[in-house]
Amino acid sequence: MTAGGDGTGRGSDARRAEARAAPRDDAAEGGRDRRVRATIRDELAVDTADDRPRAEDPGPAPGAVIELERIHLGFGDRPILEDVSFLARRGETIAVVGESGTGKSTTLKLILRHLQPDRGRVYIDGEDICDLSFTEALRVRRRMGMVFQGAALFDSMTVYENVAYPLREHTDYREDEIEARVRQKLEFVDLDPDRVMEQLPSELSGGMRKRVGIARAMANDPEIMLYDEPTSGLDPLTTATITRLIMKLQRELQVTSIVVSHDIRSVNRMASYVAVLADRRIRFFGTPEEMAASDDRYIQDFLGGF
């Protein structure tokens, strides 16, 4: 179910094939990024007018890679999410934004099946994952790559061993195949394998650690990538590099991504659609251009802080 709610009804129609905003005259690069996003949306767009699930007709939406359907979740007597629904199709990047404590990272844990909702369903490729056993949940998780806020590399392992770790855990590749895969992933994130493979995480800059984290997450060629604050604590140039990598995964590999972020500038560049969490619900769902044009006072106040 695709959520809406920007106060105008635009959110419920967010999957139109064409973006409406024109490039800004004072930001040529930003204009190019917006045109790229619009082109990607055009290429990926499908007519969803007839296939969106309705409240009276629950179940996975056709073509959805990730879907949250009417999720309710609380910890003790404290509600966190109430009636939260959205979906992501192949090759889309959904950015989940909002104030601190609104349940953004909790959303990732639901998709990973680290948490189960009190009510509602979570679907991955049409499969309801809420009632899976631990072993079955691991099977689903292997189709996902997770990039943590602090990269979460193993400090005592080299870059090579960090990226190779999921390959050793989940495949029976020979060592030469593992090395080839590690080199390929490091090159994809614009790192020189010969230079960095034997280095420890402590010898890398923050941006390089983040890129190694992305390489490790994509080691098994996941169809889904999940990011928790991927640009947090990075300088503007490194932030732009990480943002381009996320867009590169979308463009070249058609990876479906969920990005939790406070970085609205990066969100505006990378996101196919934006879900704004507020008051335990999705206040808005639509393209970055539609978010910027929203008449909702909360959305405007939220964007005004950036």
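Residues numbered from 1 in each chain as written. Predicted model: local features only at pLDDT ≥ 70, side-chain atom pairs only at ≥ 80, totals over all residues. Heavy atoms only, no water.

**Student:** What is the right way to read the sheet that holds strand β1 (residues 64–75) from this model?
**Tutor:** Hydrogen bonds between backbone groups are what pair the strands of a sheet, and the pairing can be parallel or antiparallel. Across the sheet, which stays open at both edges, the four strands sit in the order β2-β1-β4-β5 with antiparallel pairing between neighbours. The open sheet has two edge strands, β2 (78–89) and β5 (127–128), and neither has a second partner. Two strands pair when backbone bridges link them, and β1 and strand β4 (residues 119–124) are joined in this way by five bridges, in the antiparallel orientation. Residue Leu 68 lies in a different strand from β4, and its bridge partner there is Val 122. Across the face of the sheet, helix α2 (residues 104–112) comes into contact with β1, β2 and β4 while running at roughly 120° to β1. (Pairing = 2+ DSSP bridges. Helix = DSSP H or I, 4+ residues; strand = E, 2+ residues; numbered from the N terminus. Contact = heavy atoms within 4.5 Å. Axes fitted to C-alpha atoms, helices over the stretch in contact; angles between N-to-C directions.)

**Student:** I keep staring at the pattern of salt bridges and nothing clicks. Help me out?
**Tutor:** Under the counting rule described, the total for this entry stands at 20 salt bridges. When the shortest N-O distance is used, the salt bridge between Arg 139 and Glu 127 registers 2.8 Å. On the criterion of sequence distance, the pair formed by Arg 139 in helix α3 (residues 134–141) and Glu 127 in strand β5 is long-range, its members being 12 residues apart. Looking at Arg 139, the relative accessible area reads 37%, which means it is partly exposed. Measuring nitrogen to oxygen at the nearest pair gives 2.9 Å for the salt bridge that ties Arg 183 to Asp 194. One end of the pair, Arg 183, is in helix α5 (residues 175–188); the other, Asp 194, is in helix α6 (residues 193–196), and 11 residues separate them in sequence. A relative accessible area of 25% places Arg 183 in the partly exposed class. (Salt bridge = Lys/Arg side-chain N within 4 Å of Asp/Glu carboxyl O. Buried < 20%, exposed > 50% of the residue type's maximum accessible area, 1.4 Å probe, protein only.)

**Student:** Where do I start with the side chain of Asn 162 in this structure?
**Tutor:** Along the chain, the position of Asn 162 falls in helix α4 (residues 159–170). Setting aside its immediate chain neighbours within four residues, Asn 162 contacts Leu 153, Phe 154, Met 157, Pro 201 and Arg 216.

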